[in-house]
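# Descriptive structure summary
Chain by chain, the residues:
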Amino acid sequence: MAISRMDIEKLVHFIIVSARGCLDEPPVYGPLRLMETASKLLSLTGDSNHYQDLKNKIDEYKYLTLTNEEDFRQALDELVLYLAKRAKDK
């Protein structure tokens, strides 16, 4: 699947606007914006099962940062372990 120039521009715009927002927003918004960026990037990768599973996990967990920081921390730890296992299996 080819990623279009427009898709890349949208993602870059989101990242830059997010960076600016991080200067004035509560610190906990930073991880939310990073998770949203990862989700948007994965949506551009096509329909690989691994990428779709990862995107689904990210989308499930990303708003925990606003409601329960400890659960969000645990969710991030789970994602890190998931990624490490995937990397090890390759």
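Residues numbered from 1 in each chain as written. Predicted model: local features only at pLDDT ≥ 70, side-chain atom pairs only at ≥ 80, totals over all residues. Heavy atoms only, no water.

## Observations regarding the overall build of the protein
Helix and strand content of the protein: 5 helices and 0 strands. Along the chain direction, N to C, the helices and strands of the protein fall in the order α-α-α-α-α. Each principal axis of the C-alpha atoms in the protein carries an extent, and together these give about 35 × 35 × 20 Å. Burial statistics for the protein: of 90 residues in total, 24% are counted as buried. Across the protein, every contact between residues at least 6 apart in sequence was considered, and the portion connecting residues at least 24 apart equals 50%. About 6500 Å² of surface is accessible on the protein, with carbon and sulfur atoms providing 59% of the total. The positive charge centre, built from 13 side chains, and the negative charge centre, built from 15, are 5 Å apart in the protein. (Helix = DSSP H or I, 4+ residues; strand = E, 2+ residues; numbered from the N terminus. Buried < 20%, exposed > 50% of the residue type's maximum accessible area, 1.4 Å probe, protein only. Contact = heavy atoms within 4.5 Å. Areas by Shrake-Rupley, 256 points an atom, 1.4 Å probe, with all protein chains shown as cover. Lys, Arg positive; Asp, Glu negative; His and termini not counted. Charge placed at Lys NZ, Arg CZ, Asp CG, Glu CD.)

## Topic: the side chain of histidine 50
Tracing the backbone shows histidine 50 in helix H3 (residues 49-61). Looking at histidine 50, the relative accessible area reads 14%, which means it is buried. Beyond its immediate chain neighbours, meaning those up to four positions away, histidine 50 contacts Tyr82 and Arg86.

## Structural notes on the nonpolar core
Counting residues in hydrophobic clusters, the biggest one holds 8 residues: Met35, Leu42, Leu54, Ile58, Tyr61, Phe72, Ala75 and Leu79. Contributions of two or more residues to this core are made by helix H2 (29-43), H3 and helix H5 (69-89). Non-local contacts of phenylalanine 72, meaning those with residues more than four positions away in its chain, are made with Pro31, Met35, Tyr61, Lys62, Leu64 and Thr65. (Core = buried A, V, L, I, M, F, W, Y, C linked by side-chain atoms within 4.5 Å.)

## Quick word on the pattern of salt bridges
A side chain of one charge can pair with a side chain of the opposite charge when the charged atoms of the two come close. Counting across every chain of the model gives 10 salt bridges. For arginine 5, the salt bridge is made with glutamate 9, and the minimal N-O distance between the two is 3.2 Å. Of this pair, arginine 5 and glutamate 9 both sit in helix H1 (residues 5-24), separated by 4 residues, roughly a single helical turn. Note on arginine 5: relative accessible area 67%, which makes it exposed. (Salt bridge = Lys/Arg side-chain N within 4 Å of Asp/Glu carboxyl O.)

## Looking at the environment of aspartate 7
Within the secondary structure layout, aspartate 7 lies in helix H1. In this structure the C-alpha to C-alpha distance between aspartate 7 and lysine 40, which are 33 residues apart in sequence, comes to 9.4 Å.

## As for a nonpolar patch on the surface
The grouping of Ile3, Ile8, Val12 and Ile16 at the surface amounts to a nonpolar patch, some 340 Å² of accessible area in total. Along the chain, isoleucine 16 turns up in helix H1. (Patch = residues over 30% accessible without salt bridge, like charges linked within 9 Å, V, L, I, M, F, W, Y side chains within 5 Å.)

## As for the packing of H2 against H3
It is at 9 Å that the axes of H2 and H3 come closest, and there the two elements cross at 150°. Classed by the angle they form, the pair H2 and H3 counts as roughly antiparallel. Viewed along their axes, H2 and H3 form a crossing whose handedness is left-handed. Contacts between H2 and H3 pair Met35, Ala38, Ser39, Leu42 and Ser43 from the former with Tyr51, Leu54, Lys55, Ile58, Asp59 and Tyr61 from the latter. (Axes fitted to C-alpha atoms, helices over the stretch in contact; angles between N-to-C directions. Parallel < 35°, antiparallel > 145°, perpendicular 65-115°, else oblique. Left-handed = near helix turned anticlockwise from the far one by under 90°.)

Interpretation in functional terms is not warranted from these geometric data alone.
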